[in-house]
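Chain and residue survey
One letter stands for each residue in the lines below.
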Amino acid sequence: MLKKLFTNFRKPTGFTGRLLVGMMNWAHGPGIRAVVGQLAVTPDDIVLDIGCGGGAAIALMAGKGTKVHGVDHSVVSVEKSLAKNRVAVRNGRVAIQVADALRLPFSGETFTLVTAFETIYFWENIQECFRRIHGVLRLGGRFAIALEGWKGENGEINCPKVFVDNLPITLYSEGELRESLLTAGFDSVSSLKGPSRKWLCVAAFKGRQNTPGK
Ligand SMILES: C[S@@+](CC[C@H](N)C(=O)[O-])C[C@H]1O[C@@H](n2cnc3c(N)ncnc32)[C@H](O)[C@@H]1O
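This section reports on the structure supplied with the text. For clarity, every value in this text was computed on a predicted model and none was experimentally measured. Numbering of residues begins from 1 in every chain and follows the order in which that chain's sequence is written. With the structure being a predicted model, the display of local features is reserved for residues of pLDDT at least 70 and the display and counting of side-chain atom pairs for 80 or more, all residues being used for whole-chain, interface and lining totals. The side-chain values count all of the structure's non-hydrogen atoms but skip hydrogen atoms and water molecules.

Description of the environment of E153
- Following the sequence through the fold, E153 ends up in the loop between β6 (150-151) and β7 (157-158).
- It is 33 Å that separates the C-alpha atoms of E153 and G22, two residues lying 131 residues apart in sequence.
- Residues within four places of E153 in sequence aside, it is in contact with S173, E174 and G175.
- Within 3.5 Å is the distance limit for a polar contact, defined as a pair of N or O atoms, with the added protein rule that one can donate a hydrogen and the other accept it, and that residues adjacent in sequence qualify only through two side-chain atoms. Separated by 3.3 Å, the side chain of E153 and the backbone nitrogen of E174 make a polar contact.
- Among the polar contacts made by the side chain of E153, one reaches the main-chain amide nitrogen of G175 at a distance of 2.9 Å. Only DSSP runs of H or I reaching four residues or more are called helices, and only runs of E reaching two or more are called strands; each is numbered from the N terminus. It only takes one pair of heavy atoms within 4.5 Å for two residues to be counted as in contact.

Thoughts on the pairing of strand β2 (residues 67-72)
- Three exposure classes are used, based on accessible area relative to the maximum for each residue type with a 1.4 Å probe and protein chains only: buried under 20%, partly exposed in between, and exposed over 50%. Here β2 lies mainly inside the structure; 5 of its 6 residues are buried.
- Bridging between strand β1 (residues 46-50) and β2 involves 5 bridges; their strand directions are parallel. Bridged to D49 within β2 is G70.
- Here, the term right-handed applies to a crossover whose path from the first strand over the helix to the second runs clockwise when the strands point away from the viewer. Each parallel crossover has a hand, and the one from β1 via helix α4 (residues 56-62) to β2 is right-handed. The rule for pairing is simple: two strands pair if DSSP sees at least two bridges between them.

Things to note about the site of the ligand
- We call a residue near a given molecule or strand whenever any one of its heavy atoms falls within 4 Å of it. If you check the shell around the ligand, you find 22 residues, and the closest are H28, G51, D72, A101 and F117.
- The backbone of R10 places a nitrogen or oxygen atom 3.3 Å from an oxygen atom of the ligand.
- Side-chain polar atom of D72 to an oxygen atom of the ligand: 2.6 Å apart, as the coordinates give it.
- Note on areas: these come from Shrake-Rupley sampling with a 1.4 Å probe, and a residue is covered only by the protein chains present in the view. Look at the ligand: alone it shows 600 Å² of surface, and the protein chains cover 98% of it.

Notes on the packing of aromatic side chains
- Any Phe, Tyr or Trp ring, taking Trp's six-membered ring, that has another such ring centre within 6.5 Å forms a pair; planes under 30 degrees apart are called stacked, those over 60 apart edge-to-face, and the others tilted. Taken as a whole and judged by the stated rule, the model has 7 aromatic pairs.
- Centre to centre, the rings of F6 and F163 are 5.2 Å apart; their planes meet at 80°, and the pair counts as edge-to-face. Residue F6 is found in helix α1 (residues 2-10), and its partner F163 is found in helix α8 (residues 161-166); the two are separated by 157 residues along the sequence.
- On the basis of relative accessible area, F6 is assigned to the buried category, the value being 8%.
- Seen from their ring centres, F9 and F163 are 5.1 Å apart, and the 75° between their planes marks the pair as edge-to-face. Remark: F163 occurs in helix α8 and F9 occurs in helix α1; sequence separation between them is 154 residues.
- We classify F9 as partly exposed; its relative accessible area is 25%.
- Counting every residue linked through ring pairs, the aromatic cluster contains F6, F9 and F163.

Encoded structure:
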């Protein structure tokens, strides 16, 4: 029963899934705002938000006049994101579709920024996902990750036990993420400041890093 409920965090479905993505927009807001604030997002950026959930990050970045694409493997999440961003979708600033992080429906160096909020711990084959994200980023582009579930460098778990016990979730340490991102082809990785010590936030850069956000 509990496991079935928690499955909705990994892939929201049905009524419970719709309720949860609405709550996530609210619960993850501080992390999303903190990270987007440090990325110096401008109207010239072209952004991809992976695992977009209820669309809060898309709305924040599209509100800066930026063109934003969103993908999520859950139909419920995509529907919720489309509803939250309906005006920006109508005027062509936002596009959202169902897709898995491992099979991104984009080719070539398309984006200046890729974001992943509270989602990578659910991804299969994270190394290959990172390699593909590197592939769709333009030179000078950045990939930002924000997590409330992560591992300390000594293996301590920074995630409520109820999630670890009831979800297929893989927690990474900052060091492990850094190593995977560099192996995937990124040139450098920086820590970003989260809204509290509960968050682990990093940005990886393709090419030369000018500012934390560019
Ligand atoms: C905990 S929610 C976070 C949603 C949103 N990013 C936020 O911060 O509010 C995780 C989201 O990632 C999506 N997700 C999980 N694994 C995914 C994958 N492999 N590819 C695409 N989306 C995925 C889920 O469907 C869900 O909408």
